[in-house]
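So the chains spell out like this:
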Amino acid sequence: MSDLLGREFFQLALVAALLVGLCAPAVGTFIVQRKLSLLGDGIGHVALTGVALGFLTGTAPVVTAVVVSVAGAIAIELVRARGRTSGDVALALLFYGGIAGGVMLMGIAPGGSNAKLNSYLFGAIASVTRQDIWIIGALAVAVIAVVAIFGRELFVLCQDEEVAKASGLPVRFLSLLIAVTAALTVVIAMRVVGLLLVSALMVIPVATSQQLTRGFRATMGLAMVFGVVAAVGGLLVSTVSPKVAPGASIVLLALAGFVLALTVGKFVRRSRPEETV
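What counts and how
- For every chain, the first residue of the written sequence is number 1, and numbering continues from 1 along that sequence.
- Two thresholds apply to this predicted model, a pLDDT of at least 70 for residue-level local features and 80 or more for giving and counting side-chain atom pairs, whereas whole-chain, interface and lining totals are computed over all residues.
- By convention in this description, side-chain values take in all heavy atoms of the structure and omit both hydrogens and water.
- Helix and strand definitions follow DSSP, with helices as H or I runs of at least four residues and strands as E runs of at least two, each counted in order from the N terminus.
- Only protein chains enter the area calculation, which uses a 1.4 Å probe; residues under 20% of their type maximum are buried, those over 50% are exposed, and those in between are partly exposed.
- It only takes one pair of heavy atoms within 4.5 Å for two residues to be counted as in contact.
- Using the Shrake-Rupley algorithm and a 1.4 Å probe, accessible areas are obtained, with residue cover drawn only from the displayed protein chains.
- Planes of paired rings set the category: under 30 degrees apart is stacked, over 60 is edge-to-face and the rest tilted, where pairs are Phe, Tyr or Trp rings (Trp by its six-membered ring) whose centres lie within 6.5 Å.
- Lining residues are those with an atom within 4 Å of a point, where the points come from a 1 Å grid over the protein atoms alone and group into cavities, where a 1.4 Å probe fits but cannot get out, or pockets, open sets with protein on both sides within 12 Å along at least five of seven lines.
- Grid points are joined across faces, edges and corners, and a volume is the space filled by probe spheres set on the points.
- Nonpolar residues are Ala, Val, Leu, Ile, Met, Phe, Trp, Tyr, Cys and Pro. Charged residues are Asp, Glu, Lys and Arg, and all others, Gly as well, are polar.
- What counts as a salt bridge is simple: a side-chain nitrogen of Lys or Arg found within 4 Å of a carboxyl oxygen of Asp or Glu.
- Patches here are clusters of residues that have more than 30% relative accessible area and form no salt bridge, with a 9 Å joining cutoff for like charges and a 5 Å cutoff for nonpolar side chains (Val, Leu, Ile, Met, Phe, Trp, Tyr).
- Within a predicted model, pLDDT stands for the predictor's per-residue confidence, ranging from 0 to 100.
- Here an axis means a line fitted to C-alpha atoms, over the contact stretch when the element is a helix, while the angle between two N-to-C directions is reported on a 0 to 180 degree scale.
- In these notes the angle categories are as follows: under 35 degrees is roughly parallel, over 145 is roughly antiparallel, 65 to 115 is roughly perpendicular, and the rest is oblique.
- Should the near helix be turned counterclockwise from the far one by less than a right angle, the crossing is left-handed, whereas a clockwise turn marks it as right-handed.

**Points about the overall build of the chain**
Of regular secondary structure, the chain possesses 12 helices and zero strands. For the chain, the proportion of its 277 residues judged to be buried stands at 48%. Considering only contacts in the chain between residues 6 or more positions apart, those separated by 24 or more positions represent 74%. Split by element, the accessible area of the chain, about 13400 Å² in all, is 67% carbon and sulfur.

Pasting the structure below:
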């Protein structure tokens, strides 16, 4: 382990895993509460088009992924809010359009290849560079800042949109803020778990935490702990066993945590004495 800590690639990968483990469940708590668990998947597919656009134009794929992901997130929120297309249909449009656009652009991009595409689809945490860390770090700070500053308002919105409107909160702005923050989180996590698995790290730690807690803040805090444990644990597993993909090991560890929490939660509830009238 000491040898690994001394290697730059592992240090960069560890920082990326920590940032993703913190940010993904923090944003995921609001998404799950609002019953938009598949939002991360939809944005992830759109981000693939942004990545391919980066290769096509010769710019940083992470930067173009941010731009395209944010635009896609805003589009789906506007479509959902107007009510002309249901949320699941709008997400399906993102799924299909995003993946098709990404594959097409990557095919015509100079130097584009399936190997490069797969590194973003399934993650390649060992190849994270210093430039990636600076970008991921800046995006992570923005995500945590949104959660810290607008957490109370976002909580009211996720609980009941009508109550939020009656309270005078800017519902449209807050809804767009959640969508944009989710888009930034997807870009943060795509080099760690991959665009196809990023939504799992936004949802599973939250679902795990819900088995053990009741309050919103407690759920978010514990979900962030579970996210960090899964991200770092999956990184260690893939480092020790190079044949194991890091994204897959992270998600499988998160799922194992959910199964354990589900079992413990049921046991605790059964062991509680029944209330008497």
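Moving on, there is more to tell.
**Quick look at the packing of aromatic side chains**
All told, the structure shown has three aromatic pairs when counted by the stated rule. One aromatic cluster is present, built from ring pairs that chain together Phe 30, Phe 155 and Phe 216.

**Considerations on the environment of Arg 217**
Summarising the element assignment, Arg 217 is placed in helix H11 (residues 216–240). Given a relative accessible area of 69%, Arg 217 falls into the exposed group. Spatially, the C-alpha atoms of Arg 217 and Ala 26 are 9.9 Å apart, while their sequence positions differ by 191 residues.

**Brief notes about empty space enclosed by the protein**
Applying the stated rule across the entire model yields two cavities of 30 Å³ or more. A volume near 40 Å³ is recorded for the second largest cavity. Every element with two or more residues in the lining of the second largest cavity is listed here: helix H2 (8–33), helix H7 (130–159) and helix H9 (171–189). Its residues assigned to classes, the lining of the second largest cavity shows seven nonpolar, one polar and no charged.

**A few points about the pattern of salt bridges**
Tallied over the full model, the rule gives two salt bridges. The residue Arg 34 makes a salt bridge to Glu 161 at a minimum N-O spacing of 2.8 Å. Taken together, the residues Arg 34 in the loop between H2 and helix H3 (39–57) and Glu 161 in helix H8 (residues 161–166) connect sequence positions 127 residues apart. What makes Arg 34 buried here is its relative accessible area of 13%. Taking the relative accessible area as the measure of exposure, Glu 161 reaches 29% and is therefore partly exposed. With a shortest N-O distance of 4.0 Å, Glu 161 and Lys 165 are connected by a salt bridge.

**A look at a nonpolar patch on the surface**
Taken together, the side chains of Leu 53, Leu 56 and Ile 108 present a nonpolar region at the surface, about 230 Å² in accessible area. By the secondary structure assignment, Ile 108 is in helix H5 (residues 87–108).

**Details of the confidence of the model for the chain**
Predicted coordinates in regions of low pLDDT should not be interpreted in detail. In this model, the chain carries an average pLDDT of 80, and 88% of its residues clear a pLDDT of 70 or more. For the chain, per-element mean pLDDT is lowest for helix H1 (residues 2–5), which scores 59, and highest for helix H10 (residues 198–210), which scores 89.

**Here's the deal with the side chain of Thr 181**
With respect to the helices, strands and loops of the structure, Thr 181 is situated in helix H9. Those residues in contact with Thr 181 that sit more than four places away from it in its chain are Val 27, Val 143 and Val 146.

**As for the packing of H3 against H9**
Direction vectors running N to C along H3 and H9 enclose 60°, while the axes themselves pass 9 Å from each other. Considering their axes alone, H3 and H9 lie oblique with respect to each other. Judged by the twist between their axes, the crossing of H3 over H9 is right-handed. Between H3 and H9, the contacting residues are Leu 39, Gly 40, Ile 43, Gly 44 and Ala 47 on the first element and Ala 179, Ala 182, Ala 183 and Val 186 on the second. Partitioning the contact of H3 with H9 into residue classes produces seven nonpolar, two polar and no charged.

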